[in-house]
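Examination of the molecular architecture
Below are the chains, spelled out letter by letter.
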2 protein chains.
Amino acid sequence: MNSVSIPQNVNLHQAGEQIRLEVDGRLLWCHSPLQPAVFAGYGEADIEMQRGNFRIRDYVQERVALRHARLDAQAGLIELRAWAEGPLLLTLRLDCQGERVRLLMQAPQPGCNRLWLRLPAEADEQVWGCGEQMSYLNLRGRNFPLWTSEPGVGRDKSTWLTLQADNEANAGGDYYHTNYPQPTFMSSRRYCAHLVTCAYADFDFRQGDFHELQVWAIPEALEFFVGDSYIDLVGALSRYFGRQPRLPEWVLDGAILGLKNGREHAEQHLKTALEEGAKVSALWCEDWEGLRITSFGKRLFWDWQWNAERYPDHQAWVGSLHERGLRFLGYVNPYLCNDGPLFAEAQAAGYLATTAEGATYLVDFGEFLCGVVDFTLPAAAQWFETRIIGQEMLDKGLSGWMADFGEYLPIDVKLAGGADPMLEHNAWPVRWAEVNARAIAAAGRTGDALFFMRAGYSGVQAHCPLLWAGDQSVDFSRHDGLQTVICGALSSGLLGNAYHHSDIGGYTSLYGNCRTAELFQRWAEMAAFTPVMRTHEGNRPDQNLQFWQDPATLAHFARMTRLFAGMKPYVESLMDEAQASGLPLQRPLFLHHEQDTGCYGVQDQYLYGRDLLVAPVHAEGKTHWSVYLPAGETWQHWWSSERFEGGQRVEVAAPLGQPPVFSRVGSRWQALFESLTVL
Amino acid sequence: MNSVSIPQNVNLHQAGEQIRLEVDGRLLWCHSPLQPAVFAGYGEADIEMQRGNFRIRDYVQERVALRHARLDAQAGLIELRAWAEGPLLLTLRLDCQGERVRLLMQAPQPGCNRLWLRLPAEADEQVWGCGEQMSYLNLRGRNFPLWTSEPGVGRDKSTWLTLQADNEANAGGDYYHTNYPQPTFMSSRRYCAHLVTCAYADFDFRQGDFHELQVWAIPEALEFFVGDSYIDLVGALSRYFGRQPRLPEWVLDGAILGLKNGREHAEQHLKTALEEGAKVSALWCEDWEGLRITSFGKRLFWDWQWNAERYPDHQAWVGSLHERGLRFLGYVNPYLCNDGPLFAEAQAAGYLATTAEGATYLVDFGEFLCGVVDFTLPAAAQWFETRIIGQEMLDKGLSGWMADFGEYLPIDVKLAGGADPMLEHNAWPVRWAEVNARAIAAAGRTGDALFFMRAGYSGVQAHCPLLWAGDQSVDFSRHDGLQTVICGALSSGLLGNAYHHSDIGGYTSLYGNCRTAELFQRWAEMAAFTPVMRTHEGNRPDQNLQFWQDPATLAHFARMTRLFAGMKPYVESLMDEAQASGLPLQRPLFLHHEQDTGCYGVQDQYLYGRDLLVAPVHAEGKTHWSVYLPAGETWQHWWSSERFEGGQRVEVAAPLGQPPVFSRVGSRWQALFESLTVL
């Protein structure tokens with residue numbers, strides 16, 4: 001064994017029967033025969049997929065404690081066996097790379113397809129992350145399967161809405177279902193852990209004295225980052241996973257209006273908005289490529305070319321929008337419907353994934369079938385980038401789009417290079433983000449053209465400039481309504497996703513659940529305090545309130561867009577911070593207030609930069625709202641200018657149009673903030 | 001090692017790497033290093049109890065294949081280790097006792113609290129049993145946790161009724177929840193397997209080539225019974241677990257009327273029934289001890305003594321009932337409410353189970369609290385037998401009772417002899433049955449006084465003369481309605497429970513689910529073809545139809561009681577069979593038609609004895625019903641006298657009052673049956 005260079009702050013040593021890895025005095029890994037750190041085994045998965053909803057079961061045949069460990073401290077090597085004379089089952093090799101401390105893993109024996117890795121935990125420790133989590137910011141006390149999927153409709157097994165969705169299509173979801181999982185967490189013990197793998201994983205934070213990370217493969221490594229503060233840790237993760245480009249400046253000039261019923265409809269409601277005094281930066285017409293009608297509602301025609309019937313003379317029209325200072329955004333996803341011409345083109349070129357038997361694999365998306373462009377094939381990815389995104393979208397006037405999906409790669413698909421779809425499934429959102437980012441870069445439009453995604457996985461940070469929180473139900477529900485957007489922004493933000501936004505008013509309207517004016521307004525007043533303010537007509541536009549249909553809602557919305565646009569200087573400063581340090585724009589309170597224990601349980605409020613505290617009203621019929629204010633600062637209520645000392649919970653009036661927002665007294669932006677209270 | 005005497009038909013031998021146990025040519029147990037028969041491990045259970053509903057989770061820390069086996073064929077001994085030089089983890093010792101072939105188990109090492117035992121299976125094999133199963137007769141393709149509990153309200157996670165019950169009190173249940181589990185199954189390979197244990201178990205029949213029996217303790221033994229026919233196997237199980245006494249003759253003379261609103265109410269509705277020409281054998285007044293009102297509905301006052309207000313002059317009254325040829329039945333359960341005098345008496349004598357700290361353990365039964373009589377204490381059991389059942393019940397005129405509950409023993413109770421409540425929980429129904437049976441025996445009333453139970457476990461057969469199917473919902477639902485009663489009778493019958501019946505019209509009315517006249521009548525016409533016909537007012541009598549409230553229902557019911565009473569000679573012959581051979585009165589079709597594959601999937605019909613086939617209508621609004629008729633016989637439709645060759649599915653008219661029943665042509669009871677078609 002060779003000895004390796006181990007930095008001063010890293011200490012891997014044996015103490016009695018214990019093997020301990022300590023970094024900067026933090027115990028990160030610990031093994032003893034009675035408390036083994038690794039269990040290895042064999043499981044048989046049983047997975048059913050139904051339109052992006054997965055039912056995943058595992059039959060664990062064996063789970064063996066690797067009790068017997070041998071440390072070669074010089075070589076930074078740990079050898080793990082089930083018993084002293086048994087075969088070598090796992091080696092962990094210490095590898096320190098800059099701020100990362102890695103344990104590289106190898107399993108010399110075949111036949112092991114499950115690992116359970118235990119990390120020492122403390123009873124009062126909190127952990128956050130695991131991608132974009134919509135239900136719980138603090139992950140302690142629960143387990144989190146990590147598998148990109150539909151997040152579910154309702155996401156709460158106690159509700160009738162969820163049950164109906166489950167009964168119809170296994171689509172109800174649960175608290176951990178997310179478009180964007182990631183096997184990475186941050187601990188209140190001021191470290192982060194990351195598992196280098198795309199395999200199905202399940203991070204279990206239910207035990208008092210350990211975390212247990214289950215993974216269905218031998219991961220490349222378990223990595224640790226240690227920092228003096230959470231801010232340090234966010235920065236380290238952002239450096240590692242990749243930092244987003246700045247959002248385009250034009251995004252901050254006003255709302256992006258989601259309109260999807262052709263050119264006249266778009267012009268009409270743009271006019272309504274502008275006449276009301278709304279600030280508008282762009283039209284987002286996801287129907288640019290045409291529609292199809294299904295029982296779920298209006299769906300898009302998944303062949304990514306302008307639809308001349310709905311958008312006649314589109315290039316001239318987009319030109320006229322540009323002249324009015326407006327961008328045009330569209331929609332795309334990685335599938336091609338088999339009744340469109342691009343499908344035929346891709347199929348002929350051999351760019352579509354196949355079944356085991358070699359036929360083109362068709363995914364049922366709900367009354368229509370699609371091919372899967374095989375992004376493991378460089379030529380196929382490049383074709384999507386140049387032929388579709390380049391020629392059909394950027395060249396033809398689009399300044400951005402929703403880059404939808406990424407979560408649906410079937411696990412029985414055959415990929416060109418022979419990659420295992422059980423591993424590619426989680427990798428797919430990142431491949432999809434790369435296709436979008438490369439296409440924009442090739443056109444020289446990085447930082448100008450924008451795309452936004454809901455799907456993600458480790459590394460999506462480097463490619464996707466903007467997350468959107470997916471398809472919330474059009475309600476205030478605990479696990480699928482307005483408030484889940486906050487949790488999604490905060491959890492993903494800690495992992496280095498600086499920019500986050502959501503569909504104003506939510507998206508999914510099913511089983512009679514429809515958007516109210518109150519919901520729309522509460523959502524809009526939250527969105528004004530995020531970097532992107534965008535409406536969506538939803539899956540059933542005809543049955544759900546739109547911004548132009550109710551005078552009070554329209555006036556409220558227009559006012560909020562003015563507030564949003566007025567925030568531009570401040571938000572630009574936050575974008576500078578994001579560029580420099582990887583800090584997200586929306587931040588958990590504890591990020592800037594580590595010592596204030598009162599901040600830790602709060603997941604329905606956020607700091608918008610250091611200087612604003614936003615506590616969106618996320619319940620019906622409220623006229624007042626209770627807000628926790630972090631200690632050590634004085635906070636000024638946005639609307640009343642009343643000042644409160646931090647470290648307490650206060651109640652403020654919160655009628656529609658007055659979202660509970662507080663500015664930090666002493667902020668250099670105080671004058672700007674105060675100028676925005678009357679608009 | 002001593003050699004043991006191994007009968008000719010038992011063959012335990014090594015063949016290459018395989019160790020095989022064959023009995024009468026059937027492979028019953030098989031081990032090889034690549035397909036190990038035993039996995040051992042350690043788990044941490046997490047159990048929550050809420051009024052008899054249990055949420056049981058297990059965190060399996062280790063599950064190790066015992067790959068290394070050593071056979072001493074002479075001694076009938078198998079030693080199992082995880083690896084060749086590893087510690088001896090389990091021994092299996094062959095022990096042949098009459099028709100039983102046993103593998104006695106011992107685990108020399110401490111620390112193992114989970115075993116998974118695999119038995120060879122065949123792809124098309126069917127298995128039945130596991131106690132009284134309400135949802136599935138053939139257990140293949142599912143797993144069955146075996147833990148006595150409330151069966152649940154709705155028992156179907158896809159229904160709104162179940163979800164409401166789950167949300168309110170974790171009371172929705174699932175397909176496997178049952179008052180009476182038993183770690184015993186019968187296989188279509190003509191053998192039975194039984195695990196000698198009271199520990200929590202989970203029998204998993206989902207795999208193609210093995211069954212896997214999980215158990216949370218080292219069981220005393222795994223036992224096998226091999227037979228030439230299913231009838232042989234039922235007989236063997238009945239001999240082993242114990243044979244019930246004959247039902248009292250009086251039970252066959254008419255219906256038992258369930259009335260629970262005091263003496264006048266009982267007399268009034270008895271009169272109504274008799275005037276309509278109903279045959280009545282007894283009144284069952286479960287409110288004999290008084291009532292209490294809770295939000296669930298009218299509940300009983302759990303202090304087991306006559307209530308003189310509701311039943312004034314009760315002994316004279318019971319005497320007058322006897323003069324009219326009627327018995328009086330009551331109600332009892334193993335708990336004592338803490339606001340009644342018997343509680344104080346038991347507490348003073350030290351007969352109540354305690355908390356770990358020594359205080360009297362109080363169980364919340366829904367707005368009232370009860371002590372648990374500690375049946376592990378012989379003096380406490382005897383006190384219940386003599387002081388309560390003897391003096392308060394038998395001596396004071398009761399000829400029988402519902403012996404309710406048995407499923408609720410809390411797992412954190414402290415028992416007098418130090419027994420582990422995790423083991424006693426499943427044993428409790430049998431202890432409770434013994435208390436009842438011994439009290440009746442002590443009074444010399446065996447075969448005359450009757451009690452009926454819903455709870456059970458291995459061995460309840462020896463003590464409990466009659467099962468009742470528990471608390472069905474008042475509906476036709478698949479997993480909690482009328483049809484579940486059939487499955488319960490058939491599954492428990494195969495394990496040697498000859499007598500089964502149910503509440504006519506169901507019991508549980510919650511969340512607006514109420515009994516219809518149609519349901520009551522369909523249930524009554526099924527009950528006429530069971531050994532006991534008994535009504536129940538249900539948990540909410542005021543909101544649910546009673547037999548006297550609707551002229552058509554009353555007439556139908558009276559007619560069915562006449563039919564029932566007319567069946568007495570035939571049913572007596574079935575009771576003779578039960579006495580002689582352990583055969584249940586209600587039998588799966590395949591019990592008499594092993595060669596007819598068409599019989600195997602049928603769980604909503606039964607043979608009532610060999611000569612009647614009963615196919616209860618268990619859906620709403622039916623005028624016709626499809627019935628499978630076993631091959632090799634000719635079957636005569638009860639109502640039309642039309643004859644059909646067996647081996648086919650036929651459709652017959654099935655209006656209310658004409659339950660689909662067929663007699664076997666050639667039966668010696670043909671004349672009796674035909675005489676009963678006009679009543």
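Residues numbered from 1 in each chain as written. Chains lettered and ligands numbered in written order. Predicted model: local features only at pLDDT ≥ 70, side-chain atom pairs only at ≥ 80, totals over all residues. Heavy atoms only, no water.

Note the threshold: UniProt positions are given in the numbering used here, feature names are shortened, and annotations may be inferred rather than shown by experiment.
If you check an unreviewed UniProt entry, chain A appears there as Alpha-glucosidase from Pseudomonas putida. For the record of chain A, the UniProt heading Sequence similarities (unreviewed entry) holds the text "Belongs to the glycosyl hydrolase 31 family."

1. Points about the overall build of chain A
Applicable threshold: Secondary structure counts use DSSP, requiring at least four H or I residues in a row for a helix and at least two E residues in a row for a strand, with both numbered from the N terminus. Within these notes, the globule rule equals 2.2 Å times the number of residues to the 0.38 power, and the radius of gyration is based on C-alpha atoms. Relative accessibility thresholds used throughout: buried, under 20% of the residue-type maximum; exposed, over 50%; partly exposed, between the two (1.4 Å probe, protein chains only). Pairs of residues are marked as contacts when any of their non-hydrogen atoms sit within 4.5 Å.
Per the secondary structure count, chain A includes 13 helices and 39 strands. Here the C-alpha atoms of chain A give a radius of gyration of 25 Å, agreeing with the 26 Å that 2.2 N^0.38 yields for 679 residues. Along the first, second and third principal axes, the C-alpha set of chain A runs to 80 × 65 × 50 Å. A burial count over chain A gives 66% of its 679 residues as buried. Long-range contacts, defined here as pairs at least 24 residues apart, represent 70% of the contacts in chain A between residues at least 6 apart.

2. Let's talk about the UniProt feature "domain: Glycosyl hydrolase family 31 C-terminal" (unreviewed entry) in chain A
UniProt tags residues 582-667 of chain A as "domain: Glycosyl hydrolase family 31 C-terminal" (unreviewed entry). In residues 582-667 of chain A, helix accounts for 5% and strand for 36%; the two terminal C-alpha atoms are 21 Å from one another.

3. Details of the nonpolar core
Rules: To form a nonpolar core, buried Ala, Val, Leu, Ile, Met, Phe, Trp, Tyr and Cys residues must be joined to one another through side-chain atoms within 4.5 Å.
Counting 170 residues, the largest nonpolar core has B:Trp302, B:Phe384, B:Phe529 and B:Tyr608 as the members making the most contacts within it. Setting aside chain neighbours within four positions, we find B:Trp302 in contact with B:Tyr331, B:Asn333, B:Tyr335, B:Leu336, B:Cys337, B:Phe365, B:Phe368, B:Cys370 and B:Phe405. Counting 169 residues, the second largest nonpolar core, distinct from the first, contains A:Cys192, A:Leu252, A:Trp428 and A:Ala528.

4. A short note on the packing of aromatic side chains
All names here are of chain A. Filter applied, for reference: A pair of Phe, Tyr and Trp rings is counted when the ring centres sit within 6.5 Å of each other, with Trp represented by its six-membered ring. The angle between the planes then sorts it: under 30 degrees is stacked, over 60 is edge-to-face, the rest tilted.
For the structure shown, the criterion picks out 114 aromatic pairs over all chains. Between tryptophan 306 and tyrosine 311, the ring centres sit 5.7 Å apart and the planes meet at 70 degrees, which makes this aromatic pair edge-to-face. Judged by its relative accessible area of 10%, tryptophan 306 is buried. Here tyrosine 311 falls in the buried class, since its relative accessible area comes to 0%.

5. A look at the domain arrangement of chain A
Much of the literature gives interface size as the accessible area that the parts lose upon coming together. All names here are of chain A. Worth spelling out the cut-off: Where each domain begins and ends follows an automated or database-derived domain assignment. Defined here as a combined quantity, buried area equals the accessible surface (1.4 Å probe) lost by two parts on assembly, summed across both.
Segmenting chain A into domains produces domain 1 (10-226), domain 2 (249-334 + 377-576) and domain 3 (590-677). The partner domain 3 presents 33 residues to the 27 residues of domain 2 that form the contact. Summing both sides of the interface, domain 2 and domain 3 together bury roughly 2,600 Å²; the carbon and sulfur share of this comes to 67%. A per-residue breakdown of the area domain 2 buries against domain 3 is headed by Arg522, Phe529 and Tyr570, which together make up 29% of the total.

6. Regarding the pairing of strand 5 (residues 53-65) of chain B
Residues and elements named next belong to chain B. Let me state the cut-off plainly: At least two DSSP bridges between two strands are required for those strands to pair.
Pairing of strand 4 (residues 38-50) with strand 5 involves twelve bridges; the strand directions are antiparallel. Each bridged residue has a counterpart across the sheet, and for alanine 40 the counterpart in strand 5 is valine 64. If you look at the hairpin formed by strand 4 and strand 5, you'll find two residues sitting between the two strands, and arginine 51 has a positive phi there, around 45 degrees.

7. What about the sheet that holds strand 14 (residues 191-196) of chain A?
Residue and element names in this part refer to chain A. The criterion, for reference: With axes taken as lines fitted to C-alpha atoms, and helix axes fitted only over the stretch in contact, angles between N-to-C directions fall between 0 and 180 degrees.
If you walk across this open sheet you meet the eight strands as 6-7-8-9-17-14-13-11, and the pairing is antiparallel. Strands with a single pairing partner mark the edges of an open sheet, and in this sheet they are strand 6 (68-72) and strand 11 (127-131). Taken over all neighbouring pairs, the strand axes of this sheet differ in orientation by 20 degrees on average, direction set aside. Relative to strand 14, strand 13 (residues 181-187) is paired through four bridges, and the arrangement is antiparallel. Note on strand 14: the bridge partner recorded for phenylalanine 185 is alanine 193. Helix 2 (residues 230-241) rests against strand 9 (100-106), strand 11, strand 13, strand 14 and strand 17 (221-226) of the sheet, and its axis sits at about 150 degrees to strand 13.

8. Digging into the environment of B:Gly647
Residues and elements named next belong to chain B. Among the structural elements, glycine 647 can be located in the loop between strand 37 (643-645) and strand 38 (648-653). Classification of glycine 647 as partly exposed rests on a relative accessible area of 40%. For the pair formed by glycine 647 and leucine 679, sequence separation is 32 residues and the distance between their alpha carbons is 31 Å. If sequence neighbours within four positions are ignored, glycine 647 has contacts with Tyr628, Leu629, Pro630 and Ala631.

9. Thoughts on the relation of the copies chain B and chain A
Where we set the bar: Least squares is used to superpose the copies, and the fit set is the C-alpha atoms of residues whose pLDDT is at least 70 in both copies.
For the match of chain B to chain A, the screw axis carries a shift of 0.0 Å, the RMSD comes to 0.0 Å, and the turn is 180 degrees. As the rotation angle and translation indicate, the two copies are arranged about a two-fold axis. Closest approach to the rotation axis within chain B is made by the C-alpha atom of B:Arg63, at a distance of 2.4 Å. Both copies present the same face, since 100% of the interface residues in chain B are matched by interface residues at the equivalent positions in chain A.

10. Observations concerning helix 1 (residues 160-169) of chain B
Inspection of helix 1 of chain B places B:Leu161, B:Thr162, B:Leu163, B:Ala165, B:Asp166 and B:Ala169 among the buried residues, and these make up the whole buried set. Looking one or two residues past helix 1 of chain B, B:Asn170 carries a phi angle of roughly 50 degrees, positive in sign.

11. A short note on the pattern of salt bridges
How we decide: By definition, a salt bridge exists where a carboxyl oxygen of Asp or Glu is found within 4 Å of a side-chain nitrogen of Lys or Arg.
By the definition in use, this model includes 89 salt bridges over all chains. A:Glu223 is paired through a salt bridge with A:Arg100; the nearest N and O atoms lie 2.8 Å apart. With A:Glu223 in strand 17 and A:Arg100 in strand 9, this pair connects stretches of sequence that are 123 residues apart. Between B:Glu249 and B:Lys568 there is a salt bridge, and its shortest N-O distance comes to 4.0 Å. Taken together, the residues span a long stretch of sequence, with B:Glu249 in the loop between helix 2 (230-241) and strand 18 (255-258) and B:Lys568 in helix 11 (residues 568-581) at a distance of 319 residues. Through salt bridges with shared partners, a single network forms among A:Asp95, A:Arg100, A:Arg102, A:Glu220 and A:Glu223.

12. Points about the packing of helix 6 (residues 378-394) of chain B against helix 7 (residues 421-442) of chain B
All names here are of chain B. Going by this rule: Each angle is binned into one of four classes, with values under 35 degrees roughly parallel, values over 145 roughly antiparallel, values of 65 to 115 roughly perpendicular, and all other values oblique. Helix crossings fall into two classes, left-handed where the near helix is turned counterclockwise from the far one by less than a right angle and right-handed where it is turned clockwise. Amino acid classes used here: Ala, Val, Leu, Ile, Met, Phe, Trp, Tyr, Cys and Pro are nonpolar; Asp, Glu, Lys and Arg are charged; the rest, including Gly, are polar.
Between helix 6 and helix 7, whose axes approach to 9 Å, the crossing angle comes to 55 degrees. In terms of their interaxial angle, helix 6 and helix 7 are classed as oblique. Where helix 6 crosses over helix 7, the two elements pack in a sense that is right-handed. Touching Ala381, Phe384, Glu385, Ile389 and Leu394 of helix 6 are Trp432, Val435, Asn436, Arg438, Ala439 and Ile440, all from helix 7. The class makeup of the residues in the contact of helix 6 with helix 7 is eight nonpolar, one polar and two charged.

13. Digging into the side chain of A:Arg81
All names here are of chain A. Definition in use: Polar contact is the term for a pair of N or O atoms within 3.5 Å; when the atoms are in protein, one must be able to donate a hydrogen and the other to accept it, and sequence-neighboring residues count only if both atoms are side-chain atoms.
With respect to the secondary-structure elements, arginine 81 resides in strand 7 (residues 77-81). Among the polar contacts listed, one links the side chain of arginine 81 to the side chain of glutamate 79, at a separation of 3.3 Å. In contact with arginine 81, other than residues within four places in its own chain, are Leu66, Arg67, His68, Arg70, Gly86, Pro87 and Leu88.

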